[in-house]
Structure formats: C-alpha cells, structure tokens
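An overview of the molecular structure
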Amino acid sequence: MTMDTILRDATLPDGRSGVDIGISGGRIAAIEPRLAATAAEEIGCNGMLVAPPFVDAHFHMDATLSLGLPRLNRSGTLLEGIALWSELKPQLTQDAIVERALAYCDWAVAQGLLAIRSHVDICDPRLLAVDALLEVKRRVKPYLDLQLVAFPQDGVFRFPGAMDLLTEALRRGVDVVGGIPHFERTMEDGARSVRALCELAADRGLRVDMHCDETDDPLSRHVETLACETQRLGLQGRVTGSHLTSMHSMDNYYVSKLIPLMAEARLGVVANPLINITIQGRHDTYPKRRGMTRVPELMAAGLTIAFGHDCVMDPWYSLGSADMLEVAGMAVHVAQMTGLDAMRRCFDAVTSQPAELLGLDGYGVAPGCHADLVLLEAQDPIEAIRTRAARLVVMRRGKIVARSPARRAQLALPGRPREIDFLLRRP
Ligand code: FE2
C-alpha cells in the first residue's frame, strides 16, 4: 500500500498511542499501529499528540490587530471598546482590514488554528468590513475555513437601517445571522430582536450566533428567548449563544430552570474566557465577579460548549496571539476545571466542540476525515494546555502549511541536564 504521507508513532486525543496515520489524497486513509505502507514522506511523532486543528468559535476579524487606532481603551471596559470601535469605523479602509485579517490568519495557521467563526460588524452603510472579510474568506480558503456572522454591533433596532444592512450582508455571502439583544434600548427591544433575527435565519435556512447577555446584569435573560425561539422555529442544534456572561450572576433557582430549556433547544454555547475575565466585573469592588458563563454546569447538561478567543489586539483587548491553548488554559483556571476529565473537556472546547458548532465537515482524526492535523509537542491534551505546546507540524489537506521548532532550554548547571523540554515523562 502506498500513501502520500505517514505520521508514525502518534498519540491521539482519545488516548490511543503508538499509532500511525496514513494520508492519501488529502484525507486520512488509515489509523493503526505499525501501518504496513510506504509513503513519499514519513513524519516521526515520537509519541507526541496529533490532534485535529484548533477551531475558534468566536472572533472579530474586522477589528483584529488594530490596537491603538485611533487611541487606546483607557478604562478597559466593553462600552469604551464599543465607543472606540465607532470612532475607528469611519477611518477604516477595505485594504487595511484585509491586510490585518490576512496577517492574523498567518498567525492562526502557525498556531494550528484552521477554522474561525468571525463576527463582522454590519452597522456601516458602506458594509466595508463585510466586503473586506468576504474577500479574506475567499483568499484564505485553501488553508483556513472562515465562517462569517452578520453582527449588528450597535443593535439591529438601535442602529438606523441595521436590519436592511444585515440582510444585504447575508445576500453578499455572509453565512450566519448574528445579534446583540442586551445592547438594544430596552429588554423588550432585545427580545424582539431575538425573535426577528431567528425568523430571518429560519426563513433562509441559516445558523444563528448571537452575542447574548454579555453583561453582569443577572436580569439580562435574552438567552431564555433565544432558547424559546429556537424551539418554536425548529432551529434546534443550529443556534449558538455567545458569551452568556449574565448567567454567572443569575439566581441559582432561575438557572436550574434555564439550563434544561437550553438543553431542550440544543443551544450551542460559546464562552470567551480571556475576554470575560477582563471585561466583566468592572463595576464590582470586591469580591469581583469572574463573569464567565457556567461552563461546567452547561457541559454536565450535555450542551455543546466551545471557547472563543473573541479579540486579539483590538479596541477590547490588547493581548493574544491566536493561541487557542492559551484560551483553553484560561478557561481551566476561571472555571476551576482542574480535574483531569474537566481539563480534557477544555481541550475539546477548542477543537471538536467548536467544529460541531460551525458544522465543519470531515473534521477529526479518523479514517475518511480531511488530513487537517496538528502535531503538538505534548504527550496528551492536558500537557498541551499546560505548556502551550509548540505546533511542530500543521497540516491542511495532507500538506504541511506551518512548522515550529520544539521548545528547548539550554542549561549550564553543575550536575544537571544540559537541555530540558518541560515535558513530564512517566515510566
Ligand atoms: Fe464578541
């Protein structure tokens, strides 16, 4: 048997070790120990983890890498970030958005992040960012799946003409219907926006992903309407609530009713740990709320939970490097998910779970799946989170698209090793 490429001696996220992965025609052809085949290229994995690529379920690619334009966010709050973005919008050019987004996609590929759902702001009569990101989507298609959400940043009812702009963005090729009910003028307007946007998605057979209840206000309960509309319109499994930070502050009794409703509607949930921990709780003295939604409880109820990066070097967040292991690591800490199974589920929340929310086809490490793979310098998913493992090899459709060196430190200590790699090898 002849393959194009074989990865030898890999460990898989499900714990299988010592397996070979044969790749043919851009797809995984076989996974078995000591695969009896030859290939033009063989990659020795030395027992390291081969995972499917990272997937970011929530990002803002129209704003990324714009840090400092036109000024910095002094308060660090969500509202100053939104105001700052409004100041920047009139100065944006399509070329500048495209250039920054492509640069971010370079970072993403190097980090093994090969699928991103990005919200794109449609509250701009020129729809500049929409056209820019549609162009980026076309250009990165050979190496990265970019899914776009029509996002009314300033409110679909609050911003004049936003519903028409959103509809036009969908017509131009944006994939998913977005929303921001907690930013509409009243609770009633917020609920009305959820209904109208879910109806729009149902009419067009599209998915929904709304910024929902991104606030510390425990009475911000638009997720309830989102779950209800999902059921009413038969959209189960196709609707995602992003952020849901108000759930952090809600009354426990109310949540005990809410989570089963969300499970019935098969709502997807995206938490954005880096952003939630820095943006929420800003009006608190002490104790300061963490603000992230109730991840372990939602996982226990069987919902699909993904983590998003949300922002990298933009009006809301000055840090980040497209590293979904950093995102997962923050979630482990913020949600106190330090149990072994919980940490593995945090790895799933930046790989298989967001792949399900995006509806990616042929995703996974199994025969028949696309040969989209990342060789990580780690022996298992927990070690990958702990060390922010180097992405030794990143592969898309069987071709290597990025490589990074292994992480090594040279020591000059008497009686100690000359080199270490930060991995813990068990006998
Ligand atoms: Fe967001």
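Remember, predicted model here, so these are calculated numbers, not experimental data.

1. What to know about the nonpolar core
Counting residues in each nonpolar core, the largest one holds 114 residues, and the members touching the most others are Met61, Ile122, Val136, Met262, Phe307 and Leu376. In this structure, Ile21, Ile31, Cys369 and Leu423 belong to the second largest nonpolar core, which totals 22 residues.

2. A look at the coordination of the iron ion
In the first shell of the iron ion, the protein supplies His58 (NE2), His60 (NE2), His211 (NE2) and Asp310 (OD), at 2.2 to 2.5 Å from the metal. Here the iron ion binds four donor atoms, and the angle range of 85 to 174° at the metal identifies the geometry as irregular. For the iron ion, the donor residues sit on a single chain with the sequence spacing H-x1-H-x150-H-x98-D. With a relative accessible area of 0%, histidine 58 lands in the buried category. The exposure class assigned to histidine 60 is buried, which follows from its relative accessible area of 7%.

3. With respect to empty space enclosed by the protein
Evaluated as defined, the whole model comprises three cavities of 30 Å³ or more. Estimates place the volume of the largest cavity at around 110 Å³. If you go around the largest cavity, you meet 13 residues; those closest to its centre are His60, Leu78, His211, Glu214 and Trp316. For the lining of the largest cavity, the per-class residue count stands at seven nonpolar, four polar and two charged. Looking at the second largest cavity, the residues that line it are Trp85, Lys89, Leu92, Asp121, Asp124, Leu128 and Ala129.

4. Thoughts on a nonpolar patch on the surface
On the surface, Leu411, Leu413, Ile420 and Phe422 cluster together to form a nonpolar patch covering roughly 300 Å² of accessible area. Inspection of the secondary structure assignment puts leucine 413 in the loop between strand E17 (409-410) and strand E18 (419-420). Exposure remark for leucine 413: the relative accessible area of 47% places this residue in the partly exposed category.

5. Concerning the domain arrangement of the protein
Interfaces are often described in size by the accessible area the parts lose on coming together. What the domain assignment lists for the protein is domain 1 (2-52 + 364-410) and domain 2 (54-358). Between the C-alpha centres of domain 1 and domain 2 there is a distance of 30 Å. Taken together, the 19 residues of domain 1 in the interface contact 24 residues of domain 2. Summed over both partners, the interface of domain 1 with domain 2 comes to about 1700 Å²; 69% of that surface belongs to carbon and sulfur atoms. Taken as a group, Ile385, Arg391 and Arg396 account for 40% of the area that domain 1 buries against domain 2, more than any other trio of residues on that side. Inspection of the region where domain 1 meets domain 2 yields two salt bridges. Across the salt bridge formed by aspartate 323 and arginine 391, the nearest N and O atoms sit 2.6 Å from each other. The interface formed by domain 1 and domain 2 contains five residue pairs in polar contact (both at pLDDT 80 or more). Counting residues per element, the ones that place at least two in the side of domain 1 that touches domain 2 are strand E5 (49-51), strand E14 (373-376), helix H14 (381-387), strand E15 (391-396) and strand E16 (399-403). Partitioning the side of domain 1 that touches domain 2 into residue classes produces 14 nonpolar, one polar and four charged.

6. Observations concerning the sheet that holds strand E1 (residues 2-10)
The mixed open sheet is built from four strands, whose spatial order is E3-E2-E1-E4. Looking along the sheet, the strands with just one partner apiece sit at the ends: strand E3 (27-32) and strand E4 (38-44). Within this sheet the neighbouring strands show an average axis-to-axis angle of 25°, counted without direction. Pairing analysis gives four bridges linking E1 to strand E2 (residues 19-24), with the strands arranged antiparallel.

7. Points about the packing of helix H2 (residues 94-110) against helix H3 (residues 128-140)
Where H2 meets H3, the axes come as close as 9 Å, and the angle between the chain directions of the two elements is 40°. Comparing their axes, H3 and H2 come out oblique. Every pair of crossing elements has a handedness; the one defined by H2 and H3 is right-handed. Along its contact with H2, which presents Gln94, Ile97, Val98, Ala101, Leu102 and Cys105, the element H3 presents Leu128, Ala129, Asp131, Ala132, Leu133, Glu135, Val136, Arg139 and Val140. Class assignment of the residues belonging to the contact of H2 with H3 gives a composition of eleven nonpolar, one polar and three charged.

What counts and how
Residues numbered from 1 in each chain as written. Predicted model: local features only at pLDDT ≥ 70, side-chain atom pairs only at ≥ 80, totals over all residues. Heavy atoms only, no water. Core = buried A, V, L, I, M, F, W, Y, C linked by side-chain atoms within 4.5 Å. Buried < 20%, exposed > 50% of the residue type's maximum accessible area, 1.4 Å probe, protein only. Donors = N, O, S within 2.8 Å, 3.2 Å for Na, K, Ca; no water. Tetrahedral: all angles 85-135°; square planar, octahedral: opposite > 155°, others 65-115°. 1 Å grid on protein atoms, 1.4 Å probe; cavity = no way out; pocket = protein on both sides within 12 Å on 5 of 7 lines; lining within 4 Å. Points joined across faces, edges and corners; volume = space filled by probe spheres on them. Nonpolar A, V, L, I, M, F, W, Y, C, P; charged D, E, K, R; others polar. Patch = residues over 30% accessible without salt bridge, like charges linked within 9 Å, V, L, I, M, F, W, Y side chains within 5 Å. Areas by Shrake-Rupley, 256 points an atom, 1.4 Å probe, with all protein chains shown as cover. Salt bridge = Lys/Arg side-chain N within 4 Å of Asp/Glu carboxyl O. Helix = DSSP H or I, 4+ residues; strand = E, 2+ residues; numbered from the N terminus. Domains from an automatic or database assignment. Contact = heavy atoms within 4.5 Å. Buried area = accessible area lost by both parts, 1.4 Å probe. Polar contact = N/O pair within 3.5 Å; in protein donor to acceptor, adjacent residues only side chain to side chain. Pairing = 2+ DSSP bridges. Axes fitted to C-alpha atoms, helices over the stretch in contact; angles between N-to-C directions. Parallel < 35°, antiparallel > 145°, perpendicular 65-115°, else oblique. Left-handed = near helix turned anticlockwise from the far one by under 90°.

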